[in-house]
Amino acid sequence: MWRSSATLSFSSKLLSYSSSSSSNFNHFHYASAFSIFTPNAVVDHTLSPSHQRFYSSSAASSPSPSSDSVIKLGFLANKSDAFRPLGFKASDAIHLARHYGRCYWELSKARLSMLVVATSGTGYVLGSGNAVDLVGLCCTCAGTMMVAASANSLNQVFEINNDAKMKRTRLRPLPSGRIAIPHAVTWASSVGIAGTVLLAYKANMLAASLAASNLVLYAFVYTPLKQIHPVNTWVGAIVGAIPPLLGWAAASGQISLNGLILPAALYFWQIPHFMALAYLCRDDYAAGGYKMFSLTDASGRRTAAVAFRNCLYLVPLGFIAYDWGVASGWFCLESSLITLAISAAAFSFYRDRTTQKARRMFYASLLYLPVFMSGLLFHRLSDEQQCLAENPDRITELSPFPEDVTESGKDDRKKKLSYVTASPLGRAPVAYASIAPFPFLPVPSYVDQ
């Protein structure tokens, strides 16, 4: 009798809970999923208002079920219901990962950062000589990407009020409220330090120092200078010219004259590029409170003259690259053609200062840089090719047999010199000495002239 009454009572409780659990089940899985990120259903203010409303409404719909209710629900629920809360936790985690991933992407100005990485990688290849270390190249590009992402993120942190006033930038993560300022600062600091450490560990301290100094120059000098004086454009051009020098230093461990060709191209190229952009976005820059060169030039004549003059500065770079043995004569020809093209666009803008001409010069600048870098990589000369091109008659073979045999008929020392050839990049001649018992393996060593 007692057993039957107890069974009846327990069954009635289960049935009564099943009728009420359907209304509370939505709260159960939503609250459980949200508790992964904010314990006790505290709303994360870094989320967008729509997400805050979603979570706060779901958390306030009804009180959380007691542990006894959850145990009873476990007895009643089928397998799909039992695993349903976990699925919602995973979906919310994926949603937040996408949200913050998109914010990090926009904070880093990923496309601009990838252009910086391309210039750094080009500099690395040019400074590598005969063989390119692929692992070193990847590490240099990764470190450059992280440092560039950090600099761009700090730039947006400092310019949050200005970006909110401009149509072009008001939908960025910080002005739109999609991410909090402390969160953005933490992200920028983390990737900046990580990138610098990676360059110091996998490349060298010279490359890491260039990366760190460029981050400081961009975030703490160029960024505030944009609201103070129009000279910010030229300071920004220096910032853009450092990454290819960073790549060269990471590959060669030094800074030489040959390594300055691509940075010089980046510096002079940025002036017409930014002058065109500043002319096209004059109203936006004025609304944001920036002191751009084009805002002090109502007619646009000086802006166009500066752009055209810096295009002309690009003309001799192809000849210099050929004369210094960095690239072949074909690059000299290609560089001259593309430089004349961007100069023609700049001269057209100088004669007729309209939005259409400025946009044409802007597009010409976008085309110039990838063509210039691709040609420099395709026509670059390795160390051996530079030797043959500069001194074709200096190669002299001294002896076909690299061993020295003493009077006793035994080898007691290695051959001093097998042949001598001129070294590239203006260094001393290279002496290839053979080490016994492997006379066929040349080992380069530098000797005085």
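For the structure itself, consult the block above.
Residues numbered from 1 in each chain as written. Predicted model: local features only at pLDDT ≥ 70, side-chain atom pairs only at ≥ 80, totals over all residues. Heavy atoms only, no water.

Engineer: What exactly am I supposed to notice about the overall build of the protein here?
Structural biologist: Helix and strand counts for the protein stand at 18 helices and four strands. Partitioning the contacts of the protein with sequence separation of at least 6, the portion at a separation of at least 24 is 67%. Accessible area of the protein: about 23,900 Å², with a carbon and sulfur share of 63%. (Helix = DSSP H or I, 4+ residues; strand = E, 2+ residues; numbered from the N terminus. Contact = heavy atoms within 4.5 Å. Areas by Shrake-Rupley, 256 points an atom, 1.4 Å probe, with all protein chains shown as cover.)

Engineer: Sorry, what's going on with the packing of aromatic side chains here?
Structural biologist: When we look at a pair of aromatic rings, we describe it by the centre distance and by the angle of the planes. Under the definition given, this model contains 13 aromatic pairs. Ring-pair connections join several aromatic residues into one group, and the members of that group are Tyr 100, Tyr 104 and Trp 187. One residue, Lys 226, lies across the ring of Tyr 290, its end atom 4.7 Å from the ring centre. Just above the ring of Tyr 279 sits the side chain of Arg 282; from NZ or CZ to the centre is 4.0 Å. (Phe/Tyr/Trp six-rings, centres within 6.5 Å; stacked < 30°, edge-to-face > 60°. Lys NZ or Arg CZ within 6 Å of the ring centre and 35° of its normal.)

Engineer: Mind showing me how you'd approach helix 16 (residues 329-351) here?
Structural biologist: Within an α-helix, residues lying three or four positions from one another point in the same direction, as the helix has 3.6 residues per turn. Taking 1.5 Å of rise per residue, 23 residues should cover 33 Å, and helix 16 covers 33 Å from first to last C-alpha, within 8% of that figure. For helix 16, the complete set of buried residues consists of Phe 331, Cys 332, Ser 335, Ser 336, Ile 338, Thr 339, Ile 342, Ser 343, Ala 345, Ala 346 and Phe 349. Against helix 12 (261-280), helix 14 (301-313), helix 15 (317-323) and helix 17 (355-378) lie the buried residues of helix 16. (Expected span 1.5 Å × (residues − 1). Buried < 20%, exposed > 50% of the residue type's maximum accessible area, 1.4 Å probe, protein only.)

Engineer: Where do I start with the side chain of Asn 204 in this structure?
Structural biologist: Inspection of the secondary structure puts Asn 204 in the loop between helix 9 (181-202) and helix 10 (205-225). A polar contact is formed between the side chain of Asn 204 and the backbone nitrogen of Ala 207, at a distance of 2.8 Å. A distance of 3.5 Å separates a polar side-chain atom of Asn 204 from the backbone oxygen of Ala 250. For Asn 204, the residues in contact, after removing those within four places along its chain, are Leu 199, Ala 249, Ala 250 and Gly 253. (Polar contact = N/O pair within 3.5 Å; in protein donor to acceptor, adjacent residues only side chain to side chain.)

Engineer: Please explain the environment of Asn 152 as it appears in this structure.
Structural biologist: Tracing the sequence through the fold places Asn 152 in helix 7 (residues 134-158). Sequence separation of Asn 152 and Leu 112 is 40 residues, and the distance between their C-alpha atoms is 9.0 Å. Residues contacting Asn 152, with those up to four places away along its chain left out, are Leu 107, Ser 108, Lys 109, Leu 112, Ser 113 and Tyr 218. A polar side-chain atom of Asn 152 sits 3.4 Å from a polar atom in the side chain of Tyr 218.

Engineer: What's the story with the nonpolar core in this structure? I'm lost.
Structural biologist: One broad trend across soluble globular proteins is that nonpolar side chains are buried collectively. Leu 262, Tyr 285, Ala 321, Met 361, Tyr 368, Phe 372 and Leu 376 are the most contacted members of the largest nonpolar core, which has 45 residues in total. Of all the elements in the fold, those that place two or more residues in this core are helix 11 (232-252), helix 12, helix 14, helix 15, helix 16 and helix 17. Top contributing element to this core by residue count: helix 12, with 11 residues. Excluding residues that lie within four positions of it along the chain, Phe 372 makes contacts with Leu 262, Ala 265, Phe 331, Ser 335 and Ile 338. (Core = buried A, V, L, I, M, F, W, Y, C linked by side-chain atoms within 4.5 Å.)

Engineer: In this structure, what is going on with the environment of Leu 376? I would like to understand it.
Structural biologist: Examined against the element boundaries, Leu 376 turns out to sit in helix 17. Take Leu 376: its relative accessible area is 1%, and that puts it in the buried class. The sequence separation of Leu 376 and Ala 321 amounts to 55 residues, and the corresponding C-alpha distance is 8.6 Å. If we ignore the near neighbours within four places in the chain, the residues touching Leu 376 are Leu 126, Leu 262, Ala 321, Val 326, Ala 327 and Phe 331.

Engineer: Got a minute to help me understand helix 7 in this structure?
Structural biologist: With 25 residues, helix 7 extends 36 Å between its outermost C-alpha atoms, agreeing within 8% with the 36 Å of an ideal straight helix rising 1.5 Å per residue. A large share of helix 7 lies buried, amounting to 18 of its 25 residues.

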